[in-house]
Structure formats: C-alpha cells, structure tokens
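# Summary of the model geometry
Take a look at the letters that make up each chain.
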Amino acid sequence: MTTQAQRGEAFAALHRAPGLFVLPNPWDAGSAKMLAHLGFAALATTSAGLAFALGRRDAEGNVSRDEALANARAIVEATPLPVAADLENGYGDRPEDCAATIRAAASVGLVGGSIEDASGRSDDPIYPLELAVERIRAAVESAHRLGFPFTLAARAENYLHGRPDLDDTLRRLVAYAEAGADVLYAPGLTTRQQIHEVVHAVAPRPVNVLVGSPGLKLSLEELAELGVKRVSVGSNLARVAYGAFFRAAEELHQGNLAAMEQAIPFDRINDLFRP
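Residues numbered from 1 in each chain as written. Predicted model: local features only at pLDDT ≥ 70, side-chain atom pairs only at ≥ 80, totals over all residues. Heavy atoms only, no water.

### Some details on the overall build of the protein
- The number of helices and strands found in the protein is 11 helices and eight strands.
- In summary, the protein has a C-alpha radius of gyration of 19 Å against a globular reference of 19 Å for 275 residues, a match within 12%.
- For the protein, the spread of C-alpha atoms along the three principal axes comes to 55 × 40 × 35 Å.
- Sorting the 275 residues of the protein into buried and exposed places 49% on the buried side.
- Measuring between centres, the 26 positive side-chain charges of the protein sit 4 Å from its 34 negative side-chain charges. (Helix = DSSP H or I, 4+ residues; strand = E, 2+ residues; numbered from the N terminus. Rg over C-alpha atoms; globule rule 2.2 N^0.38 Å. Buried < 20%, exposed > 50% of the residue type's maximum accessible area, 1.4 Å probe, protein only. Lys, Arg positive; Asp, Glu negative; His and termini not counted. Charge placed at Lys NZ, Arg CZ, Asp CG, Glu CD.)

### Describing the environment of Asp93
- Secondary-structure assignment places Asp93 in the loop between strand E3 (83–86) and helix H5 (95–107).
- The exposure class of Asp93 is partly exposed, given its relative accessible area of 33%.
- Separated by 74 residues in the primary sequence, Asp93 and Gly19 have C-alpha atoms spaced 35 Å apart.
- Contacts of Asp93, omitting those with residues within four sequence positions, involve Ser119, Arg121, Tyr127, Leu131 and Arg135.
- Among the polar contacts listed, one links the side chain of Asp93 to the side chain of Tyr127, at a separation of 2.5 Å. (Contact = heavy atoms within 4.5 Å. Polar contact = N/O pair within 3.5 Å; in protein donor to acceptor, adjacent residues only side chain to side chain.)

### Notes on the environment of Glu134
- Locating Glu134 in the fold gives a position in helix H6 (residues 129–144).
- Its relative accessible area of 35% is what places Glu134 among the partly exposed residues.
- Distance in space between the C-alpha atoms of Glu134 and Cys98 is 9.6 Å, their sequence separation being 36 residues.

### With respect to the pattern of salt bridges
- For the structure on display, the rule yields 12 salt bridges.
- For the salt bridge of Asp97 with Arg94, the shortest nitrogen-to-oxygen distance reads 2.9 Å.
- Looking at Asp97, the relative accessible area reads 16%, which means it is buried.
- Arg94 sits in the partly exposed class, given a relative accessible area of 47%.
- In this structure, the salt-bridge partner of Arg172 is Asp117, at a minimum N-O distance of 3.3 Å. Note that Arg172 is positioned in helix H7 (residues 166–178) and Asp117 in the loop between strand E4 (112–116) and H6, a separation of 55 residues in sequence. Grouping residues by exposure puts Arg172 and Asp117 together as buried. (Salt bridge = Lys/Arg side-chain N within 4 Å of Asp/Glu carboxyl O.)

### Remarks on the pairing of strand E5 (residues 151–155)
- Most of E5 is tucked away: five of the five residues are buried.
- Alternating residues of E5 divide into Thr151, Ala153 and Arg155 and Leu152 and Ala154, and every residue in both groups is buried.
- Of the pairings in the sheet, the one linking E4 to E5 comprises five bridges and is parallel in character. Paired with Ser114 across the two strands is Ala153, which belongs to E5.
- Taken together, E4, H6 and E5 constitute a β-α-β crossover, and its handedness is right-handed. (Pairing = 2+ DSSP bridges. Right-handed = clockwise from strand over helix to strand, strands pointing away.)

If you want it as structure tokens, here you go:
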C-alpha cells in the first residue's frame, strides 16, 4: 500500500471482511512502527495518548487540531498501514468545523477518523441530538468529496460523561448511521447486553468497541460472537508504557535498579526502527 487511495480501500475492506479486527492506538511514530512490526492491519491515533506525550491532561481543547494532525502525519508516515484518527469533536461546535476537520485529516494522509458528540463543556457535555446529527452529516458529506474511501466513525459519548443512558445512546447511534456514518462507536459500554443492543440497533453498519478497561470483562472472541466488527484500545497502550516507565523511575529514585532489567534489549528495539 503506497497511495492514500490504496490505504483507504484497504481500511474500508477490513470493515467488510468476516470477523473482528483489532485497531490498536499508537501515540507516536515509534509506537506505530512497533505495532506494524507485530502485524496489525491498521492503526488509529489516540487523543489521550498524544496529550500525555505532550505533558498535558486529556481534555477537550487541550490539544489543538494542528497538533493532533501533526502527530497523525508522523504516524501515517511511519508505516505503510492505513491510519485513522481520533478527531475528538471535530475541533469546533459547528457542522462546518467537522467538515473542515475531515478535509484537514485527509490532507495529512489519514484514511479514517472519528467525530464525537461531546461538547467539551462541563455544564452541557453532550450536543443536542439535532446538532449532533448535523455535525455527522457534514463530516460524511466532506468525506464523500475526497475522492478516496475515508471511513468515518461517529461516537456517542454519553457513557464517558456521566450519562449512562442506553436508550439515548441507541437513538443517537441510529441517527448517526442514518446520517451516513460508516462505523458506530459508544465508548464506555461494559456489558454484553449493552453491546448486543448497539450492534443490533445499527446493523448492518459495523460497530467499534473500546477494550482494555477494567469494567469490560468480555474477551475478543466473545465480542466477535456479539457481532462487533472492530475494537480499539484508546489510551491503554500508552498508559501501559507510561506505567512501566513510571514504576521503573520510581524504583530508580528509591535506589533500586531491578526494574531496569525489564527493559527491552537495545539491539531488539533498535532493529525495530530500521527504515
């Protein structure tokens, strides 16, 4: 895969193929290369992983669109794999902002991305349904004008913002599917019943599920049996890496060198980054 069109078609094809596929989330070019070495078929950026790498809290508005897309470009250029991006809420409230973000995402080589319905405002964290649908519709129309397959995921964020309302989440996901979203995604779901209802409600559109959180006990095999097409890990891989770093540094500060022995051998990691 060398052209953006080829990557776009390959990414779209993963959503049409039988079974479930894993879409891991690198936070920089190095982690992207390591994931490609392991044989994953596609990658997706993580807004939280990038925020942590920049020394910031993960919160709406803490990372600009330009920063996010610069990070995405580095990940795109690191491997020949298709890359989708966490485009947060489209970096603006208006439908036009979402459309512009899709165009900007395509300009850095991305072949997919997600737009969420979180407003970034603590007093009113989720956009009204009508506006949320207009935003997805504008993103879809922008994606369709690109001239290559751009897989758009629409995210219903209720469960991440203290609103565990499954009925409203289903209503939103169905509306986003009707607005043309290619993939539907409600991060924060934790039960078999919730996931079953989402998959059933938007069928035959593919569903993404966030895995790696302690609240979700289902295996990849069980998720596949429920009809989930795609799973992502969000910031989990970044937090695994930072967690190991922090523990080793903590022990070092205490005068203990034992954790250093767990480091990946120098030659092994150095070879992973061959051109």
